[in-house]
Amino acid sequence: MWARMKRILKWFGLAFLVIVLGLAGIVFVSFHGLAPIQDGQKLDGVQVVKDGIVSCFLVDLGEREVALVDACNDKSAKGVLAALSKRGLGPEAVKAIFLTHGDADHISGALAFPEAQVMALAADVPLAEGREIRMLKWLLSPKETGVHVARALSDDDVVELSGVVFHVFAVPGHTKGSAAYLARGVLFMGDSAEATAEGALAPAKRLTSDDPALNRASLAKLAEHLAPMAADVKAIAPAHSGVLSKGLAPLTDFAPEK
Ligand SMILES: [Zn+2]
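Residues numbered from 1 in each chain as written. Predicted model: local features only at pLDDT ≥ 70, side-chain atom pairs only at ≥ 80, totals over all residues. Heavy atoms only, no water.

A. Seen up close, the state of the cysteines. Applying the stated criterion to the full structure yields 1 disulfide. One disulfide in the model links C56 with C72; its S-S distance is 2.2 Å. Here the S-S torsion is close to -105 degrees, and the disulfide linking C56 with C72 is therefore left-handed. You can see C56 sitting in strand β3 (residues 54–60) and its partner C72 sitting in the loop between β4 (66–69) and α2 (78–86), a full 16 residues away along the chain. You can call C56 buried: its relative accessible area is 0%. Judged by its relative accessible area of 3%, C72 falls in the buried class. (Disulfide = S-S within 2.5 Å. Helix = DSSP H or I, 4+ residues; strand = E, 2+ residues; numbered from the N terminus. Buried < 20%, exposed > 50% of the residue type's maximum accessible area, 1.4 Å probe, protein only.)

Printed below as a string of structure tokens:
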């Protein structure tokens, strides 16, 4: 009896170890070689907020108001609130939230800013609101996230808030409604691109993306679209890796060869 128990326990232990190693492997492969996120990093009118493995961004709208690009993973938005509080601001200072896509690690913090107008590309609204799921569909069923998208955006939309222009670009691939935004000289990429430790741009992570080939095509199209306004792009900011401050070059360098 005891010998059998021991054998079963041994197999359970082994299976557990394999799962843990597998997960660790996935995390390692996903994040190895990427530029690290720098919490609190300030660009011109833009501040990085790090929340574990993801980042979101405060975009200044004048002195006492901000917009967010993504809202990070933490439902209570501790990181964003701490950054605001250092400026003597509270949650009501957040007027708008631009979602790069509808995955939970980018939208959950929006719950802490009920007064902010949440925007996302139309195709990702069901995902952001939890009426649709895109991973582990066989295991999970859709569940409302509590996030309400007040304004559905389209490719090439221009949203102006307190004189600050947000240019909207559809970059489907990671999700079908993935967006990039250009505001205050920063091109926000969400999960549609990563920054490598060598300072290059890499495409979306294959494992977690709906359509990696479409993602690459979207990046090439974005590079082409932005070429005439290259001078307006000072930095490129992915959500899961650090900011590249070399203008549009990392995107144009990436696009043609892949
Ligand atoms: Zn993500």
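That covers the picture; the talk isn't over yet.
B. Layout of the pairing of strand β10 (residues 179–183). Along β10, 5 of the 5 residues are buried, which leaves the element largely enclosed by surrounding structure. Across the two faces of β10 the burial is the same, with A179, Y181 and A183 and A180 and L182 all buried. Across 4 bridges, strand β9 (residues 164–170) lies against β10 in antiparallel orientation. Directly across from H167, in β10, lies its bridge partner L182. (Pairing = 2+ DSSP bridges.)

C. Spotlight on the coordination of the zinc ion. Summarising the metal site, the zinc ion is bound by the protein donors D105 (OD), H106 (NE2), D191 (OD) and H240 (NE2), whose distances to it range over 2.1 to 2.4 Å. Coordination at the zinc ion is irregular, judged from the 4 donor atoms that bind it and the angles of 85 to 171 degrees they form at the metal. Binding-site remark: the zinc ion is held by donors from one chain whose sequence spacing is D-H-x84-D-x48-H. Given the relative accessible area of 0%, H106 is considered buried. (Donors = N, O, S within 2.8 Å, 3.2 Å for Na, K, Ca; no water. Tetrahedral: all angles 85-135°; square planar, octahedral: opposite > 155°, others 65-115°.)

D. A look at the layout of surface pockets. The space that makes up the largest pocket amounts to roughly 950 Å³. As for the largest pocket, its lining consists of 38 residues, and the residues nearest its centre are N73, D103, A104, D105 and M135. Elements supplying a minimum of two residues to the lining of the largest pocket: α1 (2–31) and α3 (104–107). With 5 residues, the single largest contributor to the lining of the largest pocket is α1. Considering only residue class, the lining of the largest pocket consists of 17 nonpolar, 10 polar and 11 charged. (1 Å grid on protein atoms, 1.4 Å probe; cavity = no way out; pocket = protein on both sides within 12 Å on 5 of 7 lines; lining within 4 Å. Points joined across faces, edges and corners; volume = space filled by probe spheres on them. Nonpolar A, V, L, I, M, F, W, Y, C, P; charged D, E, K, R; others polar.)

E. Geometry of the pattern of salt bridges. Summed over the entire model, instances satisfying the criterion amount to 7 salt bridges. Among the salt bridges present, the one from R134 reaches D210, with a minimum N-O distance of 2.8 Å. Residue R134 is located in the loop between α4 (125–129) and β7 (151–153), and its partner D210 is located in the loop between β13 (201–203) and α5 (212–226); the two are separated by 76 residues in the primary sequence. Several salt bridges share partner residues, and in doing so they unite D103, R134 and D210 into one network. (Salt bridge = Lys/Arg side-chain N within 4 Å of Asp/Glu carboxyl O.)

F. Focus on the sheet that holds strand β6 (residues 117–121). Spatial strand order, β1-β2-β3-β4-β5-β6-β7: 7 strands in an open sheet with mixed pairing. Each having just a single partner strand, β1 (42–43) and β7 make up the two edges of the open sheet. Bridge analysis of strand β5 (residues 94–98) against β6 gives 3 bridges, and the strand direction is parallel. Across the sheet, F98 pairs through a bridge with M119, a residue of β6.

G. Layout of the sheet that holds strand β11 (residues 186–190). Reading across the sheet, the 5 strands line up as β8-β9-β10-β11-β14 and stay open at both edges, with mixed pairing between neighbours. This sheet does not close on itself; its edge strands, each paired only once, are β8 (158–161) and β14 (235–238). The sheet shows a mean angle of 20 degrees between the axes of neighbouring strands, direction not considered. One ladder, built from 4 bridges, connects β8 with β9; its direction is antiparallel. Across the sheet, L161 pairs through a bridge with V164, a residue of β9. Here α5 sits on the sheet in contact with β9, β10 and β11, set at roughly 165 degrees to β11. (Axes fitted to C-alpha atoms, helices over the stretch in contact; angles between N-to-C directions. Contact = heavy atoms within 4.5 Å.)

H. A look at the pairing of β6. Among the 5 residues in β6, 4 count as buried, and that is most of the element. Bridge count between β6 and β7: 3 bridges; the pairing is parallel. For M119, the partnering residue across the bridge sits in β7 and is R151.

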